[in-house]
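# Chains, contacts and geometry: an overview
Residue-level listing of the chains:
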Amino acid sequence: AFDFAARAFIAIDKVTQLQGLFITKFRASHSLIIPYFSLILECDVYKLDGSSSFSDEKKIKVWKKLGEYTKKINSITVTGWGENFTGDGFFDGSWDKHLQYNIDSLNNNDILLSMGVLNQQLSKEIKQLFQSLPEKKFTFGLCHSDIALRNAIINSSGEIYLLDWGTARAEIVPHYELNEILLASKPSAKTLKAFLDGYGISQEQFKQMEPDLKVLNLLNEIDTLRWAIDKRPKAIEEYVIRARDAIAQIQ
């Protein structure tokens, strides 16, 4: 049995669309309120019976269902960007400011140059890639941000539930979810296809997305490394490795 204290808010208009998803608690500031809808359903405590142990055959089924769920989640319109939900219907971050900060940080005094993470030529190339992002017509939506088998359970009736909303945020969709899955779960080709099929993304569409996925992942990893330098020095080595791996993907 799984017991979770949950305090999630789902707009009445979205309940039927989200049937099958089990919403667990956000961070304290992350109650999910869908902007522009006034009717709210509050759900507090759930008890679910089920298993998170899957056979190889079941894993493919679960990944496909997770793809379906992710599309539904990503379809929820958000106001703002980032992980901090203000409680009044907005995420308080700005994608434009986030991007501009990372562009401006790629300069001759960049600490990543002295650390050997970047050289001058690479810094210029990455800056150009980041500067090209505003030209893209990205869609922003709600992201679960941790789609994985460990966050899914299946009950005796075969119903699949998605758990753990602690990292939910407003992001570019479906790119952010895809990058998190590719990095964290390292799916096989068969597993990835099942997820994409569930989401409704063809292999050709995914191939067309790959260049943007790589640039957005690089942006995320470099930004996170800068955060670690300022806020969590003990994690710098880990994030240097991740940043270099992201850089290698674009070379």
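Just above sits the structure.
Residues numbered from 1 in each chain as written. Predicted model: local features only at pLDDT ≥ 70, side-chain atom pairs only at ≥ 80, totals over all residues. Heavy atoms only, no water.

## What about the packing of aromatic side chains?
- Throughout the structure, instances matching the rule amount to 6 aromatic pairs.
- Taking the centre distance of 6.1 Å and the plane angle of 80° together, the rings of Trp63 and Phe195 count as edge-to-face. Of the two residues, Trp63 is situated in helix α2 (residues 56-74) and Phe195 in helix α7 (residues 189-199); the sequence distance between them amounts to 132 residues.
- Since its relative accessible area comes to 4%, Trp63 is described here as buried.
- With 6.3 Å between their ring centres and 40° between their planes, Phe195 and Tyr199 make a pair best called tilted. (Phe/Tyr/Trp six-rings, centres within 6.5 Å; stacked < 30°, edge-to-face > 60°. Helix = DSSP H or I, 4+ residues; strand = E, 2+ residues; numbered from the N terminus. Buried < 20%, exposed > 50% of the residue type's maximum accessible area, 1.4 Å probe, protein only.)

## What to know about the nonpolar core
- With 31 residues, the main nonpolar core has Trp63, Leu66, Leu178 and Phe195 as its most contacted residues.
- Of all the secondary structure elements, the ones that give two or more residues to this core are α2, β6 (152-154), β7 (160-162), α6 (175-184), α7 and α8 (203-231).
- Setting aside chain neighbours within four positions, we find Trp63 in contact with Ile147, Ala148, Leu149, Ile181, Ser185, Thr191, Ala194 and Phe195.
- In this structure, Leu122, Ile172, Leu219 and Ile247 belong to the second largest nonpolar core, which totals 29 residues. (Core = buried A, V, L, I, M, F, W, Y, C linked by side-chain atoms within 4.5 Å. Contact = heavy atoms within 4.5 Å.)

## Here's the deal with α8
- The end-to-end C-alpha separation of α8 is 39 Å, in line with the 42 Å expected for 29 residues at 1.5 Å each.
- Helix geometry: α8 is bent most strongly at Glu210, by close to 40°, with proline Pro211 lying one to four residues after it. (Expected span 1.5 Å × (residues − 1). Bend = angle between axes of the 7 residues up to and from the residue.)

## Comments concerning unusual backbone geometry
- The peptide bond linking Val173 to Pro174 adopts the cis configuration, its omega dihedral lying at 0°.
- Here Pro174 lies in the loop between β8 (169-173) and α6.
- In the Ramachandran plot, Ser145 falls in the positive-phi region, its phi being about 75° despite a non-glycine side chain.
- Following the sequence through the fold, Ser145 ends up in the loop between β5 (139-143) and β6.

## Description of the pattern of salt bridges
- Enumeration according to the criterion identifies 9 salt bridges in this entry.
- The salt bridge involving Glu83 is made with Arg169; its shortest N-O contact spans 3.9 Å. In this pair, Glu83 is assigned in strand β3 (residues 81-85) and Arg169 in strand β8, connecting sequence segments 86 residues apart.
- A residue is classified by how much of its surface remains accessible, and Glu83, at 33% relative accessible area, is partly exposed.
- Ionic pairing is found between Arg169 and Glu171, a salt bridge with its closest N-O pair at 3.3 Å. In this structure, Arg169 and Glu171 share a single accessibility class: buried.
- Salt bridges sharing partners connect three or more residues here, namely Glu83, Arg169 and Glu171. (Salt bridge = Lys/Arg side-chain N within 4 Å of Asp/Glu carboxyl O.)

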